[in-house]
Amino acid sequence: MAPLATYPVYVREDWLQQVGLSAPTTIDELEEVLKAFKEQDPAGNGQTIPLISTKGEDLHKCLSAGFTGKGYGYYQDTDGKIKPTVMDIKFKDYLTKMNEWYEKGYLYGETFAIDGNTSREIIKKGQVGAAAMWYSAITIQSPYIQPAVNYLLCAPMTGPAGTNCETGGTASENAALVPAYSENVDTVVKYINWAHEDIENHIVLENGIKDVDWKYTDEENHVIELLAENYIGEFVAHQGVGLEQRYSFSDPIKKMHYDYLRGPLLDLDRTVLPDTYDVIMNNAELQEAVPNLEDIKRMIEEETVKFITGIRPLSEYEAFQNELMEIGMEDYIDELTRQYTAAKE
């Protein structure tokens, strides 16, 4: 998987017009929008949610780069070592602002207590003014809001560091496996090859029989309209950007999502890429070198959320960094640096 732009901020257009503001291009402007949403309550009866996200990592990837100047993930410090972004003291500036938003009610109070499915259902209810999370929460869910509304993509949006707020994705590995007991491996490979030979083959596997389950509304550009929902795509051989960018839907329920795939998803200029964006870390070797790796990752997620929600005072941030060192962060940094150096050589 190549790096992609998957953590934007979306803001509801009709509510912006209602409060007399434009789509934000900076953190300060976003804060002004959230304040207006909170005070003017466009949803009515106190139901307005100015900003929603999900787990801490998602929020960090949407906004923290504007404060640190670094993509959330790993960065190369001045000593040459590769470190998780939380080891940069500037990350505290970002947490300070998020804590301020949380205390003022700009950031949804249950953000870190709900899962992705719950947040998406909340969006569909029409209560959310802005979303900072994985892009499809808006591109897939918001078209279901009735009466229809439109969310604006706020990109690029810059922060106090003068850099964009959104973190770009990092390279990753994916694989398709054929079961070891399969008696027809050659046939499976032929099937996968056929699925990729022509985009129409993939469309058939995804949506069913042409002119029965779907039809072209623009064959040259592979824009289709669904005619029936008798088939749920269980024969799809592969899904991914390389295929999904080559066709789209005329149906407004699906159009926003596929428009994103065909454009903004590849706009890395609006993001800040982590220093290791083009290096695929070997997780097995990380686990072996850092026995407490999962504990470290869990502490980062849990404690950064505590700082945002005020459960833990931000005056303890340096102590938190020391706690990470005590449970194995130094080994983590050393292994990240080793793998990065080896990859670059």
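Position numbers for residues count from 1 along each chain, tracking the sequence in the order it is written. Note on the predicted model: pLDDT of at least 70 is required for a residue's local features to be given, and 80 or more for side-chain atom pairs to be given and counted; whole-chain, interface and lining totals, by contrast, use all residues. Working from all heavy atoms in the structure, the side-chain values ignore hydrogens and water.

*Asks:* How should the sheet that holds strand 9 (residues 223–226) be read in this particular structure?
*Replies:* Picture the strands of a sheet paired through backbone hydrogen bonds; they go either parallel or antiparallel. Spatially, three strands are ordered 8-9-10 in an open sheet, and the strand pairing comes out mixed. In this open sheet, the two edge strands, each paired with only one partner strand, are strand 8 (214–218) and strand 10 (248–249). The sheet contact formed by strand 8 and strand 9 spans four bridges and is antiparallel. Its bridge partner lying in strand 9, Asp 218 is registered against Val 223. Sitting on the sheet, helix 9 (residues 199–207) touches strand 8, strand 9 and strand 10, and the angle it makes with strand 8 is about 135°. Two strands are said to pair when DSSP picks up at least two bridges between them. Labels follow the DSSP assignment, with helices taken as runs of H or I lasting at least four residues and strands as runs of E lasting at least two, numbered in each case from the N terminus. Residue contacts are defined here by distance: any two heavy atoms, one from each residue, within 4.5 Å place the two residues in contact. Lines fitted to C-alpha atoms define the axes here, with helix axes fitted over just the stretch in contact, and angles between the N-to-C directions of these axes take values from 0 to 180 degrees.

*Asks:* I tried to follow the nonpolar core on my own but got confused; where do I start?
*Replies:* In this description, a nonpolar core means a group of buried Ala, Val, Leu, Ile, Met, Phe, Trp, Tyr and Cys residues linked to one another through side-chain atoms lying within 4.5 Å. A simple rule labels every residue: compare its accessible area, found with a 1.4 Å probe on the protein chains alone, to the largest value its type can have, and call it buried under 20%, exposed over 50%, or partly exposed in between. Counting 54 residues, the largest nonpolar core has Val 11, Leu 63, Val 86, Trp 101, Leu 324 and Tyr 332 as the members making the most contacts within it. Sort the elements by how many residues they give to this core and helix 14 (residues 317–344) lands first, with eight residues. Core analysis: the second largest hydrophobic core is formed by 29 residues, Ile 122, Met 133, Ile 203 and Ile 224 among them.

*Asks:* When you look at the packing of aromatic side chains in this model, what are you seeing that I'm missing?
*Replies:* Pairing of aromatic side chains requires ring centres within 6.5 Å, counting the rings of Phe and Tyr and the six-membered ring of Trp. Pairs whose planes differ by under 30 degrees are stacked, by over 60 edge-to-face, and all others tilted. Per the counting criterion, the structure on display carries 16 aromatic pairs. Considering the side-chain rings of Tyr 7 and Trp 134, the 5.4 Å spacing of their centres and the 80° angle between planes classify their relative orientation as edge-to-face. One end of the pair, Tyr 7, is in the segment before strand 1 (9–12); the other, Trp 134, is in the loop between strand 5 (128–132) and helix 7 (136–139), with 127 residues separating them in the sequence. Given the relative accessible area of 37%, Trp 134 is considered partly exposed. Centroid distance Phe 307 to Tyr 317: 5.4 Å. Interplanar angle 55°. Geometry classified as tilted. Taken together, the positions of Phe 307 in helix 13 (residues 293–309) and Tyr 317 in helix 14 put the pair 10 residues apart, joining distant regions of the chain. For Phe 307, a relative accessible area of 0% puts it in the buried group. Looking at Tyr 317, the relative accessible area reads 0%, which means it is buried. Joined through ring pairs, the aromatic side chains of Tyr 7, Trp 134, Tyr 135 and Tyr 260 make up one cluster.

*Asks:* Please explain unusual backbone geometry as it appears in this structure.
*Replies:* Leaving glycine aside, a negative phi is the common case for residues, and trans is the common case for peptide bonds. Cis geometry is found at the peptide bond from Gln 146 to Pro 147, where omega equals -10°. Structurally, the position occupied by Pro 147 is in the loop between helix 7 and strand 6 (151–153). Non-glycine residue Asn 45 carries a positive phi angle of around 55°. Tracing the backbone shows Asn 45 in the loop between helix 2 (27–40) and strand 2 (49–52). Not every positive phi belongs to a glycine, and His 222 is a case in point at roughly 55°. Among the secondary structure elements, His 222 is positioned in the loop between strand 8 and strand 9. Look at His 222 and you get partly exposed, because its relative accessible area is 22%.

No statement about biological role is implied by the geometric values presented.
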